[in-house]
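Listed here are the chains, written in short residue letters.
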Amino acid sequence: ETGDSDAKNLRVKLVLLGDSGVGKSCIVLRFVRGQFDPTSKVTVGASFLSQTIALQDSTTVKFEIWDTAGQERYAALAPLYYRGAAVAVVVYDITNPHSFHKAQYWVKELQKHGSPDIVLALVGNKADLQDKREVSVQDGTEYAEKNGMFFIETSAKTADNINQLFEEIAKRLPRPSS
Ligand code: GDP
Ligand code: MG
């Protein structure tokens, strides 16, 4: 879905997937509003926000972001959000191995049912919690490499690598030919 994209102004649908509590909503809030709210509410169903960034070549990319709820009872709704998405960002929490396994489930689901040319990013969030780390950088890197995904560790709390995540995604988008 490129909508009204042209060669200089891209519009892309991006979906965030991952276990409940990994920090998806905080990543979006940090990226769109530059804020971190430690008392943020659990996402119900899904929420929508958009943010535009400018790249060095003066291209702009408007991200239309669907932030989904990770709870099991919403799993059946996920295809509504990733269908037609140009980008899927699969998030886990580096302090929570279960969330890393859940991320792998989402990657397989996207490989089976997502658009064939979808840009996939794997994100290890809560990188500020180094003393509680239970998923190594190497495990994340290797899994992402095997699956042709872009990998980055972020912290929505400190803002570390949040803008970089979206900039790297923007660079990997297929450009419409004009
Ligand atoms: P979601 O269910 O994936 O949307 O997760 P939320 O964005 O609601 O975040 C879940 C919890 O993790 C909240 O208590 C956040 O304050 C916390 N959290 C989110 N991102 C980070 C982070 O980068 N570092 C730390 N330390 N906590 C975070
Ligand atoms: Mg949420």
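I will try to describe carefully the structure that is included in this document. No experiment lies behind these values; they were computed from the predicted model shown. (Residues numbered from 1 in each chain as written. Chains lettered and ligands numbered in written order. Predicted model: local features only at pLDDT ≥ 70, side-chain atom pairs only at ≥ 80, totals over all residues.)

## Here we look at the overall build of the protein chain
For the protein chain, the helix and strand inventory stands at five helices and six strands. Helices and strands in the protein chain line up, N terminus first, as β-α-β-β-α-β-α-β-α-β-α. Along the first, second and third principal axes, the C-alpha atoms of the protein chain reach 50 × 35 × 30 Å. Out of the 178 residues belonging to the protein chain, those deemed buried represent 39%. Taking contacts inside the protein chain between residues at least 6 apart in sequence as the whole, the part at least 24 apart equals 68%. (Helix = DSSP H or I, 4+ residues; strand = E, 2+ residues; numbered from the N terminus. Buried ≥ 20, exposed ≤ 12 C-beta atoms within 10 Å, placed from the backbone. Contact = placed C-beta atoms within 7 Å.)

## Overview of the site of ligand 1
With respect to spatial proximity, 19 residues lie near ligand 1, and among them Gly-23, Lys-24, Ser-25, Cys-26 and Lys-157 are the closest. For the shell around ligand 1, the element with the highest residue contribution is helix H1 (residues 24-33), accounting for three residues. Taken together, the residues of the shell around ligand 1 break down into five nonpolar, ten polar and four charged. (Near = placed C-beta within 6 Å. Nonpolar A, V, L, I, M, F, W, Y, C, P; charged D, E, K, R; others polar.)

## Observations regarding helix H3 (residues 97-113)
In a regular helix each residue adds 1.5 Å, so 17 residues correspond to 24 Å; H3 covers 25 Å between its end C-alpha atoms and thus fits that length. When we look at burial in H3, the residues that qualify are Ser-99, Phe-100, Lys-102, Ala-103, Trp-106, Val-107 and Leu-110. Across the axial projection of H3, the buried residues extend over an arc of 160°, all falling on one side. Those residues of H3 that are exposed and angled more than 90 degrees off the buried face are His-98, His-101, Lys-108 and Lys-112. (Expected span 1.5 Å × (residues − 1). Arc of directions from axis to C-beta.)

## With respect to the sheet that holds strand E2 (residues 46-54)
Spatially, six strands are ordered E2-E3-E1-E4-E5-E6 in an open sheet, and the strand pairing comes out mixed. Each having just a single partner strand, E2 and strand E6 (150-153) make up the two edges of the open sheet. When strand polarity is set aside, the average angle formed by the axes of neighbouring strands in this sheet is 25°. Relative to E6, strand E5 (residues 119-125) runs parallel, the two sharing four bridges. (Pairing = 2+ DSSP bridges. Axes fitted to C-alpha atoms, helices over the stretch in contact; angles between N-to-C directions.)

## A few points about the environment of Pro-97
Tracing the chain through its elements places Pro-97 in helix H3. Of the residues examined, Pro-97 has 13 C-beta atoms within 10 Å and is grouped as partly exposed. C-alpha of Pro-97 to C-alpha of Lys-171: the two residues are 74 residues apart in sequence and 29 Å apart in space.

## Focus: H1
Across the ten residues of H1, seven count as buried, placing the element largely inside the fold. Those residues of H1 not exposed but buried are Lys-24, Ser-25, Cys-26, Ile-27, Val-28, Arg-30 and Phe-31. For H1, the secondary structure elements touched by its buried residues are strand E1 (9-18), E2, strand E3 (60-68), strand E4 (87-93), E5 and helix H5 (162-172). Gly-34, located one to two residues past H1, shows a positive phi value of around 70°.

## A look at the pairing of E4
Along E4, seven of the seven residues are buried, which leaves the element largely enclosed by surrounding structure. Where burial is concerned, the two faces of E4 agree: the one with Val-87, Val-89, Val-91 and Asp-93 and the one with Ala-88, Val-90 and Tyr-92 are both buried. As defined by bridge partners, E1 adjoins E4 across five bridges and the pair is classed as parallel. Note that in E4 the partner of Leu-17 across the bridge is Val-90. By the bridge criterion, seven bridges tie E4 to E5 in an arrangement that is parallel. Bridge pairing in E5 links Val-90 to Leu-122. Where the polypeptide runs from E4 across H3 and back to E5, its parallel neighbour, the crossover connection is right-handed. (Right-handed = clockwise from strand over helix to strand, strands pointing away.)

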